[in-house]
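Fold and contact review
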Amino acid sequence: MQTLAIRSSFAALLGLAVALPAFASDPFEPGVYAGVNLGRASISSKYVESGHDATGGFAIGYQMTPNLGAEVFASTLSFDPFKGLLAAPGNYPDSHIGVAVLGSIPLSDQFSLYGRLGIGRTKMPSTRTSLPTTHETDPSIGIGASYAISRQWSVNLEATRLTKTEVNLLSAGLRFQF
């Protein structure tokens, strides 16, 4: 069911990008932006019941040049840990907050590819109430594609990896530049 919802979200964003005509290209203006995304997180862990789950996030950033931006971002991972006596005692990734630098390669006035390099903190709750919640410093890397609907609105698809906790994120998002 979640897979259907995620695929529907991707299809809706892709349809929006294709259906709306790109407005006349304005010259680049640096500025603050805000973005939201929905997607899927996956992990292979003995502390997580299902190896994948829905994820959502938001970002606030500054686009300095057409090729360089920086942002603060947060993502929920919402993995369901094993419950009960059969669960192995340990911690599982639950959410991630970080900062990143984004480098972009415009392929046309509307379409660009980008890469992400960041670092953040991943919250790691425990499968046992007797064990404390921990936090991991977690580097992140990612690649994505962006389609500009106008100078202010764009849609994107992105794949990101939280390297220390070994979480993979696949998301579709919408971004507004002020």
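Attention here is on the structure that accompanies the text. None of these values were measured; they are calculated from a predicted model.

A word on the overall build of the chain. Along its length, the chain carries one helix and eight strands. Moving toward the C terminus, one meets the helices and strands of the chain in the order α-β-β-β-β-β-β-β-β. Taking all 178 residues of the chain together, 38% fall into the buried category. Expressed as a percentage of contacts within the chain between residues at least 6 apart in sequence, the contacts between residues at least 24 apart total 60%. Summed over all atoms, the accessible surface of the chain reaches about 9800 Å², with 66% contributed by carbon and sulfur.

The next thing to look at is the sheet that holds strand β3 (residues 68–76). In spatial order, the strands read β1-β2-β3-β4-β5-β6-β7-β8; together these eight strands close into a barrel with antiparallel pairing. With strand direction ignored, the average angle separating the axes of adjacent strands in the sheet is 25 degrees. Where strand β4 (residues 95–106) meets strand β5 (residues 111–124), twelve bridges bridge the pair, whose relative direction is antiparallel. Paired with G103 across the two strands is G115, which belongs to β5.

Turning our attention to the pattern of salt bridges. In the structure shown here, the tally under the stated rule is three salt bridges. Of the charged contacts, one joins E71 and R116 as a salt bridge, the two residues approaching to 2.7 Å between their closest N and O atoms. Linking E71 in strand β3 with R116 in strand β5, this pair joins segments that are 45 residues apart in sequence. With relative accessibility at 8%, the residue E71 sits in the buried group. The class for R116 is buried, based on a relative accessible area of 10%. Residue E158 is joined to R116 by a salt bridge in which the shortest nitrogen-to-oxygen separation is 2.6 Å. Pair noted here: E158 is in strand β7 (residues 153–162) and R116 is in strand β5, with a separation of 42 residues, a long-range link. Within the structure, one salt-bridge network assembled from shared partners comprises E71, R116 and E158.

This part covers the packing of aromatic side chains. Counted according to the given criterion, the structure contains two aromatic pairs. For the ring pair F176 and F178, a centre distance of 5.1 Å and an interplane angle of 85 degrees mean the geometry is edge-to-face. Ring-pair connections join several aromatic residues into one group, and the members of that group are W153, F176 and F178. When the ring centre of F73 is taken as origin, the NZ or CZ atom of R116, which lies over that ring, is 5.1 Å away. Against the face of Y33 rests R175, its NZ or CZ located 3.6 Å from the ring centre.

This part covers the pairing of β7. Alignment of strand β6 (residues 134–148) against β7, held across nine bridges, turns out to be antiparallel. In the sheet register, A145 faces β7, and the bridge partner there is L157. Where β6 folds back onto β7 in an antiparallel hairpin, the turn is made up of four residues. In terms of strand pairing, β7 meets strand β8 (residues 167–177) through ten bridges, oriented antiparallel. What sits directly across from T160, in β8, is L169.

Rules used in this analysis
Residues numbered from 1 in each chain as written. Predicted model: local features only at pLDDT ≥ 70, side-chain atom pairs only at ≥ 80, totals over all residues. Heavy atoms only, no water. Helix = DSSP H or I, 4+ residues; strand = E, 2+ residues; numbered from the N terminus. Buried < 20%, exposed > 50% of the residue type's maximum accessible area, 1.4 Å probe, protein only. Contact = heavy atoms within 4.5 Å. Areas by Shrake-Rupley, 256 points an atom, 1.4 Å probe, with all protein chains shown as cover. Pairing = 2+ DSSP bridges. Axes fitted to C-alpha atoms, helices over the stretch in contact; angles between N-to-C directions. Salt bridge = Lys/Arg side-chain N within 4 Å of Asp/Glu carboxyl O. Phe/Tyr/Trp six-rings, centres within 6.5 Å; stacked < 30°, edge-to-face > 60°. Lys NZ or Arg CZ within 6 Å of the ring centre and 35° of its normal.

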